[in-house]
Structure formats: C-alpha cells, structure tokens
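Topology and contacts: notes
What follows is the residue order along each chain.
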Amino acid sequence: TYVIAQPCVGVKDGSCVQVCPVDCIHPAPGEPGYDESPQLYIDPLECIDCHSCAQACPVDAALPEEDLPPEWGSSLEANAAFFTER
Ligand code: SF4
Ligand code: F3S
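This write-up is about the structure you can find in this document. (Residues numbered from 1 in each chain as written. Chains lettered and ligands numbered in written order. Predicted model: local features only at pLDDT ≥ 70, side-chain atom pairs only at ≥ 80, totals over all residues. Heavy atoms only, no water.)

**Description of a negative patch on the surface**
To keep it simple, the criterion reads: Only residues whose relative accessible area exceeds 30% and that form no salt bridge enter a patch; like-charged residues are grouped when within 9 Å of one another, and nonpolar side chains (Val, Leu, Ile, Met, Phe, Trp, Tyr) when within 5 Å. Note on areas: these come from Shrake-Rupley sampling with a 1.4 Å probe, and a residue is covered only by the protein chains present in the view. When a carboxyl oxygen of Asp or Glu lies within 4 Å of a side-chain nitrogen of Lys or Arg, that pair is called a salt bridge. Positive: Lys, Arg. Negative: Asp, Glu. His and the chain ends are not part of the count. Where a charge sits is defined by one atom per residue type, namely NZ (Lys), CZ (Arg), CG (Asp) or CD (Glu). In DSSP terms, a helix is any run of H or I states spanning at least four residues, a strand is any run of E spanning at least two, and both are numbered starting from the N terminus.
Together, Asp-49, Glu-65, Glu-66 and Asp-67 make up a region of like negative charge exposed at the surface. Position of Asp-67 among the secondary structure elements: in the loop between strand E4 (62-64) and helix H3 (74-84).

**So, the environment of Ile-42**
Rule in force here: Any two residues having at least one pair of non-hydrogen atoms within 4.5 Å are treated as being in contact.
One can find Ile-42 in strand E3 (residues 41-42). Beyond its immediate chain neighbours, meaning those up to four positions away, Ile-42 contacts Thr-1, Tyr-2, Val-3, Ile-4, Cys-24, Ile-25, Cys-47, Cys-53, Asn-79 and Phe-83.

**Considering the site of ligand 1**
Rules: For each residue, the test is whether any non-hydrogen atom lies within 4 Å of the molecule or strand; if one does, the residue is near. Put simply, Ala, Val, Leu, Ile, Met, Phe, Trp, Tyr, Cys and Pro go in the nonpolar bin, Asp, Glu, Lys and Arg in the charged bin, and everything else, Gly too, in the polar bin.
Among the 14 residues in the neighbourhood of ligand 1, the closest are listed as Cys-20, Cys-47, Cys-50, His-51 and Cys-53. A per-class count over the shell around ligand 1 returns 11 nonpolar, 2 polar and 1 charged.

**Comments concerning the packing of aromatic side chains**
Keep this limit in mind: To pair, rings of Phe, Tyr and Trp, with the six-membered ring standing in for Trp, must have centres within 6.5 Å; the planes then decide the type, stacked if under 30 degrees apart, edge-to-face if over 60, and tilted in the middle. Remark: exposure states derive from per-residue accessible area (1.4 Å probe, protein chains only) relative to the maximum for the residue type, with buried under 20%, exposed over 50%, and partly exposed in between.
Under the counting rule described, the total for this entry stands at 2 aromatic pairs. Judged by centre distance (4.9 Å) and plane angle (20°), the ring pair of Tyr-41 and Phe-82 falls under stacked. Linking Tyr-41 in strand E3 with Phe-82 in helix H3, this pair joins segments that are 41 residues apart in sequence. A relative accessible area of 22% places Phe-82 in the partly exposed class. Where Phe-82 meets Phe-83, the ring centres are 5.0 Å apart and the plane angle is 90°; that geometry is what we call edge-to-face. For Phe-83, a relative accessible area of 11% translates into the label buried.

Put into structure tokens, the structure is as follows:
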C-alpha cells in the first residue's frame, strides 16, 4: 500500500485526491474532519498501488510503505489508524 507521510502535514495539496482511481485518500477537501486533519491518509485496504498519488504530490509525501524512511515509520500506523478508528 501507499502511505502519506510527514511532508503532507500542513500542506494538504490535495492533488493526490484528484488522481486516485479508487478514491481511497481521505479526508478529502469538503469531507468531515478535513479542516482539523493535519494531513491526508490512504486507506490501506483500498489502495491498488497505482502510483498516481506519488506522481501528483508536489512535496513527495505519498510513497510505497516499503520506501518509508525509518523516521517516518509512524506514518504507516497513522494512515491505517485513520480508517480503523472511524
Ligand atoms: Fe490511490 Fe493509487 Fe495512491 Fe493508492 S497508489 S492511494 S490507489 S493514487
Ligand atoms: Fe498531501 Fe501531497 Fe496529497 S501534500 S494532500 S499527499 S498531494
């Protein structure tokens, strides 16, 4: 699965949402929780590893989980947690 990491925080560019073919990136602009959320998250159960979000993100915040630098490791849990908690 792809994961959205640290660089998205405070940026929330949103380009990833527009290109994701399975609409698995949330909270999207206009969705509940969007304003309060520090970043966007990828639903690990829905992501089809198409790489579109990684290509679209201007700050390279979306990447395959296996490419996450160790210091961003918590992003993996944060992405999954966003979807299991709701
Ligand atoms: Fe969506 Fe593709 Fe990114 Fe997965 S890799 S979140 S399916 S755009
Ligand atoms: Fe964040 Fe990049 Fe998407 S900044 S909202 S992961 S386009």
